Amino acid sequence: MLTPEENELLCRVEGDAPMGRIFRSHWLPALLSEEVADPDGAPVRVKLLGENLVAFRDTDGRVGLIQEACPHRNASLFYGRNEESGLRCLYHGWKFDVEGNCLEMASEPAESSFCDKVKLKSYPVVEAGGFVWTYMGAPETMSEFAPPVWQPTPETNVVTTKVIVGANWAQMLEGSIDSAHSSTLHSSDMVPARVPGAQSTVTQWQRPSTDKAPRMVVQRTPYGFRYSAIRRPIKDAATHDYVRTTLFVAPYVVHIPPNNLHRSCTVHVPRDDNSTTFYFVAFGGDTVPAQEDWRKLHANRVGFDLDATYRNTRTRENDYKQDRQAMKLGNFTGIPGITNQDIVMWESMGPIVDRSHDRLGASDLAIVEFRKQMVEAACTVAAGGPAIGTTEPRMPLAKLASFEGIVPKTSDWRTLGASPEEIAINAEMAKGGAKSHAAE
């Protein structure tokens, strides 16, 4: 359990909140590149850490991320004209480029120099891995952009879903690092592979275990932590373990265990204290599902499951269109799509869950570690220290890997899927006091 004060530290990201300062110390996915695919196309609203912003691609193909309110009289630039390398406010014709510079003031005298004195807030952007990224911290602290976990090489095939969720980022991320829930909540989509060698398909993920109560072990790392859920396999249970290793890459990425088709990450970017933009990323080689198939699998298709602003048509008001007849016929939840099943759980907790009443069990080891680590991180920043994940030693995120497989019981779970560089760094960190833990 957390105290109410600790819960506030963990959840709040707006203004000068310590957790928001942690997020501002990292490059953040602001939106999908496909949302601003066309030069001089329609602007897109973006909300990050409580700030209302607008993204647009200018005539020359550059992407801008600027404040939504025009500095003249605060009318929204979302409705502006995107033309001739700038975004023009409809109200009085003031025009701004991707860096927030004022280019023209149609309402001011031609001889006026007022235009040179006006600049609106803008943030630097980089495009990579299917996203437009931004850095919202102080310019003097901005690190060089590094490829994300899901772009180990420039040629990596990447597909994504996106949905705006009415829940705080932390309770969503806790769901992503909770390996135990997948055996129950997602049991109709992640099914036991009773036939030896059964492979996952685009529509169904095979799992060589019926064990719903995994043993949990966790190890802190410079980027967050690595933990494994260890289950009894269907075959050779006396000599082997079925191990699923998940990585928490602070502050907002969870690298979940792979299957035979692709690797996966979930991404939780706070819009404000009460809502989050959630991305589910699949990546790898030729066996990665097509973009449309991936979104169909998760029931996250714009125009079908989502509206044009990536908000779900399944809501608490319509009970997420849960199909009780499908449940009677064998579907565990009556809710299509792994993402939607998670969203129902996340939003049903309320916008910000009260963790002071939690009753946690042995399967919640990763949840406990996440809360402890991030509350400590927020306290460090509040005291003037560095943000988690920004100090040495630092692992290139694109070299991180999760793990899934059946291994001999003598295997060291800490090394499964880890690169030699990470193994060495983690071992050195452990010597300094960051120990591994197991559920009792």
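Residues numbered from 1 in each chain as written. Predicted model: local features only at pLDDT ≥ 70, side-chain atom pairs only at ≥ 80, totals over all residues. Heavy atoms only, no water.

Undergrad: Just to check I follow, could you spell out the packing of helix α1 (residues 4–11) against helix α7 (residues 365–382) for this structure?
TA: Two measures define how a pair of helices packs: the angle their axes make with one another and the distance between the axes. It is the contact of α1 with α7, at a shortest axis distance of 9 Å, that shows an interaxial angle of 80 degrees. Put simply, α1 runs roughly perpendicular to α7. Contacts between α1 and α7 involve E6, L9 and L10 on the former and, on the latter, F370, R371, M374, V375, A378 and C379. In the contact of α1 with α7, the residues fall into 7 nonpolar, no polar and 2 charged. (Axes fitted to C-alpha atoms, helices over the stretch in contact; angles between N-to-C directions. Helix = DSSP H or I, 4+ residues; strand = E, 2+ residues; numbered from the N terminus. Parallel < 35°, antiparallel > 145°, perpendicular 65-115°, else oblique. Contact = heavy atoms within 4.5 Å. Nonpolar A, V, L, I, M, F, W, Y, C, P; charged D, E, K, R; others polar.)

Undergrad: Quick question: what am I supposed to make of the sheet that holds strand β8 (residues 102–104) here?
TA: What holds strands together in a sheet is hydrogen bonding between their backbones, with the strands either parallel or antiparallel. Taken in spatial order, the 4 strands line up as β5-β6-β7-β8 in an open sheet, and their pairing is antiparallel. Both edges of this open sheet fall to β5 (81–83) and β8, since each of them pairs with a single strand only. Inspection of the sheet shows strand β7 (residues 95–96) paired to β8 by 2 bridges, in the antiparallel sense. Looking across to β8, one finds that K95 is bridged to E104. (Pairing = 2+ DSSP bridges.)

Undergrad: Looking at this structure, I do not really get the pairing of strand β19 (residues 263–270). What am I missing?
TA: Consecutive side chains along a regular strand alternate between the two faces of the sheet. For β19, the buried fraction is high: 7 of the 8 residues fall into the buried class. Sheet analysis places strand β18 (residues 253–256) next to β19, joined by 4 bridges and oriented antiparallel. Among the inter-strand pairings, V254 is bridged to a residue of β19, identified as T266. Between β18 and the antiparallel strand that follows it, β19, lie 6 residues. As paired elements, β19 and strand β20 (residues 276–284) share 8 bridges and run antiparallel to each other. Counted as the bridge partner of R263 is F283 from β20. The antiparallel pairing of β19 with β20 creates a hairpin that spans 5 residues between the two strands. (Buried < 20%, exposed > 50% of the residue type's maximum accessible area, 1.4 Å probe, protein only.)

Undergrad: What exactly am I supposed to notice about the sheet that holds strand β3 (residues 51–57) here?
TA: Sheet architecture is open: 4 strands sit in the order β2-β3-β4-β9, paired in antiparallel fashion. Only two strands of the sheet have a single partner each, and these edge strands are β2 (44–48) and β9 (122–123). Alignment of strand β4 (residues 63–67) against β9, held across 2 bridges, turns out to be antiparallel. Looking at β9, one finds that L65 is bridged to Y123.

Undergrad: Honestly, the environment of D241 in this entry has me stumped. Any pointers?
TA: Relative to the helices and strands, D241 is located in strand β17 (residues 240–249). Taking relative accessible area as the criterion, D241 reaches 11% and is therefore assigned buried. Once the C-alpha coordinates of D241 and S209 are considered, the two residues, 32 residues apart in sequence, prove to be 9.6 Å apart. Dropping the residues within four chain positions of it, D241 is found in contact with R215, I230, R231, P233, G405, I406, V407 and K409. Separated by 2.9 Å, the side chains of D241 and K409 make a polar contact. (Polar contact = N/O pair within 3.5 Å; in protein donor to acceptor, adjacent residues only side chain to side chain.)

Undergrad: Looking at this model, I keep getting lost on the side chain of Q373. Mind explaining?
TA: Mapped onto the elements of the fold, Q373 is located in helix α7. Among the polar contacts listed, one links the side chain of Q373 to the backbone oxygen of G224, at a separation of 2.8 Å. With sequence-adjacent residues up to four places away left out, Q373 is seen in contact with R220, G224, F225, F248 and I388.

Undergrad: Is there a simple way to think about helix α6 (residues 338–348) in this case?
TA: An α-helix turns once per 3.6 residues; consequently, residues spaced three or four apart project the same way. Burial runs high along α6: 9 of the 11 residues are buried. Regarding α6, the residues found buried are I338, T339, N340, Q341, D342, I343, V344, W346 and E347. On the buried face of α6, the contacting elements are β12 (157–165), α3 (169–176), β13 (190–192), β14 (205–207), β20 and α4 (291–297). Just past α6, the residue G350 takes up positive phi, approximately 95 degrees.

Undergrad: I'm lost on the environment of F225 in this one. Help?
TA: Structurally, F225 is set in strand β16 (residues 224–231). Here F225 falls in the buried class, since its relative accessible area comes to 0%. Separated by 133 residues in the primary sequence, F225 and H92 have C-alpha atoms spaced 51 Å apart. For F225, the residues in contact, after removing those within four places along its chain, are I177, V218, Q219, R220, T246, L247, F248, A366, E369, F370 and Q373.

Undergrad: Looking at this model, I keep getting lost on the nonpolar core. Mind explaining?
TA: Note on soluble globular proteins: their nonpolar side chains tend to be buried together. Within the largest apolar cluster, 92 residues are counted, with the highest numbers of intra-cluster contacts made by L10, M19, W150, W169, I177, F370 and M374. Among all residues touching W150, those that are not within four sequence positions of it are G129, F131, W133, T156, V158, V253, C265, V267, V281 and F283. (Core = buried A, V, L, I, M, F, W, Y, C linked by side-chain atoms within 4.5 Å.)

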